[in-house]
Amino acid sequence: MRLILLLALLALPLPALAQDAAQPEGTISVENSLEEDAAIAVRIREIIRQLDGYDDVTVYVANGIVTLRGTTLDAATASALNGLVSRVEGVVAIENEVEETTDVVERLTPAVERLRARTMQFISFLPLMLIAVVAGLLVMWFGFFIARRKNPWDRMAPNAFIADIYRQITRLFFVVMGVVLALDLLNLTALLSTILGAAGIVGLAIGFAVRDTVENFIASIMLSMRQPFRPKDLVEIEGDTGHVIRLTSRATILLSPDGNHIRIPNATVFKARIVNFTRNDERRFTFTLGIDANADPAEAQNIILAALAELPFLLTTPGPSTWVEEVGDSNITIIAAAWVKQHETGLFMARGEAIRLAKARLEEAGITLPEPTYRLITQPAETAKPAPAPEAAPAVALPVRDEETQELERIVDAERADTQHKDLLAHEAPQE
């Protein structure tokens, strides 16, 4: 008997096995009642009549076995009947013969109904949407109106670049506030979290892609606030020396003494060692002179100091100074230093004039500069000629600002005039 039942189960098709898996469980009553079958059928019909998608389904009940026939829009809706019918008391088995309909009109009708319902919902929702949009736009317009005003941004910011950044932040703040207000009126604030999350992911990806550009921009903001140099200042940055032309949002432009443009990224400038040769009006120059090893270095120092005292453009406070740098095999090296006001006197011209006068005064005092030593094979000596008398020291000329620096500054002024709107150093830089 068991073998016969096993063979019968194996002979069943797969749909039947699936159908049996959804059959009701429990003890089957011995008695059969037509009234109970009718009650089961009526109950199932009343239930499916209240549900969408079962208008074409018919129900038959005989001996507690429920037979379902008809069509539904999809197979999932048909399969859901098994779970629903199995919960009705008295159902012994279910024969679900409901099929998925292929009628085009029946399949399109629900979609059309949904579209009509959504259209009506949108029309009824339109006034509230217009109010939300108008309210958001008013908030944005107010923010843009405030951002366009000169005050208080120009008063708060150290330069025009920072003022523009303040304006951009203000515009962005009011745009976000307008969007939040509109979404809040539409009860869609949950959508804002999704938008901000997506914007954060996109911003993170863009930030990695343009990391150098963002770094230069942030460095530009810091440099425009600190302003470690002014236009036309002579500076040294990472070994490059030149006059400052302008500071842009991405790079610092220098004009080298040779007339070449040097473009340094602001991220490098912000982290670099900056030497500003122009910021302080008083500037020191040094030069080196070598005297004969047999000469008295103290006397030579006094002569050099006296020579420097003759130059009217040198500062007396701090005054000139000299010191012995080293003593060699054939010479003694002396270094002299003096100060000038570089905005009134050309530094290099003053240094050259100081060297010329110091050398002349040493020679007048009979202190000769060291000469190279060679080994010579002598021939019979001729009558020696008398040594020429030392020439008088040339007159001291007052140096003026050198023409080269003036020409470089003229070039800088011309280029700044052409690109004034791109310069972040338009205002006078504060002292650090």
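Positions within a chain are numbered from 1, following the residues in the order the chain's sequence is written. It should be noted that, the model being predicted, local features are given only for residues of pLDDT at least 70 and side-chain atom pairs only at 80 or more, the latter also being counted only at that level, while totals for whole chains, interfaces and linings use all residues. Hydrogens and waters are ignored; side-chain quantities use all the structure's heavy atoms.

### A word on the pairing of strand β10 (residues 321–327)
The sheet contact formed by β10 and strand β11 (residues 331–341) spans six bridges and is antiparallel. By the bridge assignment for β11, S321 is matched with A337. Paired strands are those between which DSSP finds at least two bridges. Put simply, DSSP marks the helices as runs of H or I at least four residues long and the strands as runs of E at least two long, and each gets a number from the N terminus on. Where β10 folds back on β11, the antiparallel hairpin that results is connected by three residues.

### Some details on unusual backbone geometry
Peptide bonds are, in most cases, trans, and in most cases residues other than glycine have a negative phi. Note the cis peptide between T317 and P318, where omega equals -5 degrees. With respect to the secondary-structure elements, P318 resides in the loop between α11 (297–309) and β10. Of note in this structure, N63 is not a glycine but carries a positive phi near 55 degrees. With respect to the element layout, N63 can be found in the loop between β1 (58–62) and β2 (65–72). On the basis of relative accessibility, which here comes to 48%, the residue N63 falls in the partly exposed class. Between buried and exposed lies partly exposed: a residue is buried under 20% and exposed over 50% of the maximum accessible area for its type, with that area taken using a 1.4 Å probe on protein chains only.

### Examining the packing of aromatic side chains
Two rings from Phe, Tyr or Trp (for Trp, the six-membered ring) form a pair when their centres sit within 6.5 Å of each other. Planes less than 30 degrees apart are called stacked, planes more than 60 degrees apart edge-to-face, and all others tilted. The final tally for this structure, using the stated rule, is four aromatic pairs. The interplanar angle of 15 degrees and the centroid separation of 5.6 Å between the aromatic rings of W141 and F145 together place this pair among those described as stacked. Of the two residues, W141 and F145 are both situated in helix α5 (residues 104–148); the distance of four residues between them amounts to about one turn of the helix. With a centroid separation of 5.7 Å and 70 degrees between ring planes, the pair formed by F142 and F174 is classed as edge-to-face. In this pair, F142 sits in helix α5 while F174 sits in helix α7 (residues 160–185), placing the two residues 32 residues apart along the sequence. An aromatic cluster of at least three residues, connected via ring pairs, comprises F142, F173 and F174.

### Here's the deal with the side chain of T170
With respect to the helices, strands and loops of the structure, T170 is situated in helix α7. When checking whether two residues touch, look at their non-hydrogen atoms; a contact exists if any pair is within 4.5 Å. Among residues more than four places away in sequence, those in contact with T170 are G143 and W153.

### Some words on the confidence of the model for the chain
Across the chain, each position has a pLDDT score giving the predictor's confidence in that residue, from 0 to 100. The pLDDT averaged across the chain works out to 78; a share of 80% of its residues lies at or above 70. Low pLDDT, under 50, characterises residues 1–21; the predicted model gives this stretch six contacts beyond four residues in sequence or across chains. The model gives residues 427–432 a pLDDT under 50, and that stretch makes 20 contacts with residues more than four places away or in other chains.

### So, the nonpolar core
The set of buried Ala, Val, Leu, Ile, Met, Phe, Trp, Tyr and Cys residues whose side-chain atoms join them within 4.5 Å is what this entry labels a nonpolar core. F285, F287, I291, I304, L308, L314 and L362 are the most contacted members of the largest nonpolar core, which totals 25 residues. For this core, the element with the highest residue contribution is helix α12 (residues 347–364), accounting for six residues. What L314 contacts, discounting residues up to four positions off in sequence, is F285, L308, A338, W339 and V340. Ranked by size, the runner-up nonpolar core spans 20 residues in total, among them I262, I264, V269 and L425.

### Focus: helix α9 (residues 211–226)
Side chains three or four residues apart in an α-helix point the same way, a direct result of the helix having 3.6 residues per turn. Helix span, as expected, comes to 1.5 Å for every residue beyond the first. For α9, spanning 16 residues, the distance from its first C-alpha to its last is 22 Å, which sits close to the expected 22 Å at 1.5 Å a residue. Buried residues in α9 make contact with α7, β5 (240–247), β7 (261–265) and α10 (266–271).

### Considering the sheet that holds strand β3 (residues 93–100)
Pairing within the open sheet is mixed, and its three strands lie in the order β1-β2-β3. The open sheet has two edge strands with one neighbour each: β1 and β3. Direction aside, neighbouring strands of the sheet carry axes that sit 10 degrees apart on average. Bridge count for β2 against β3 is eight bridges, and the pairing is parallel. Bridge pairing in β3 places T72 opposite E100. Note on geometry: axes are C-alpha line fits, over the in-contact stretch for helices, and angles between N-to-C directions span 0 to 180 degrees. Those strands touched by helix α3 (residues 34–49) are β1 and β2, and its axis lies near 160 degrees from that of β1. Running at roughly 165 degrees to β3, helix α4 (residues 75–85) makes contact with β2 and β3 of the sheet.

### A short note on the environment of I303
Tracing the backbone through its elements, the reader meets I303 in helix α11. Along the chain, I303 and E364 lie 61 residues apart, while their C-alpha atoms are 9.9 Å from each other. The residues contacting I303, other than those within four sequence positions of it, are R361, L362, A365 and I367.

### Digging into the pattern of salt bridges
Here, a salt bridge means any side-chain nitrogen of Lys or Arg that lies within 4 Å of a carboxyl oxygen of Asp or Glu. Applying the stated criterion across every chain yields a total of seven salt bridges. Taking the shortest distance from any N to any O, the salt bridge between E215 and K271 comes out at 3.4 Å. In this pair, E215 is assigned in helix α9 and K271 in helix α10, connecting sequence segments 56 residues apart. Owing to a relative accessible area of 34%, E215 belongs among the partly exposed residues under this scheme. Here K271 falls in the exposed class, since its relative accessible area comes to 62%. Among the charged side chains, a network of salt bridges with common partners joins E310, R361 and E364.

### Looking at α7
Across its 26 residues, α7 extends 38 Å between first and last C-alpha, which sits within 8% of the 38 Å expected from 1.5 Å per residue. Looking at α7, one finds that the buried residues are F161, I162, A163, I165, R167, T170, R171, F174, G178, A182 and L183. Two residues or fewer after α7 comes N187, characterised by a positive phi angle close to 60 degrees.

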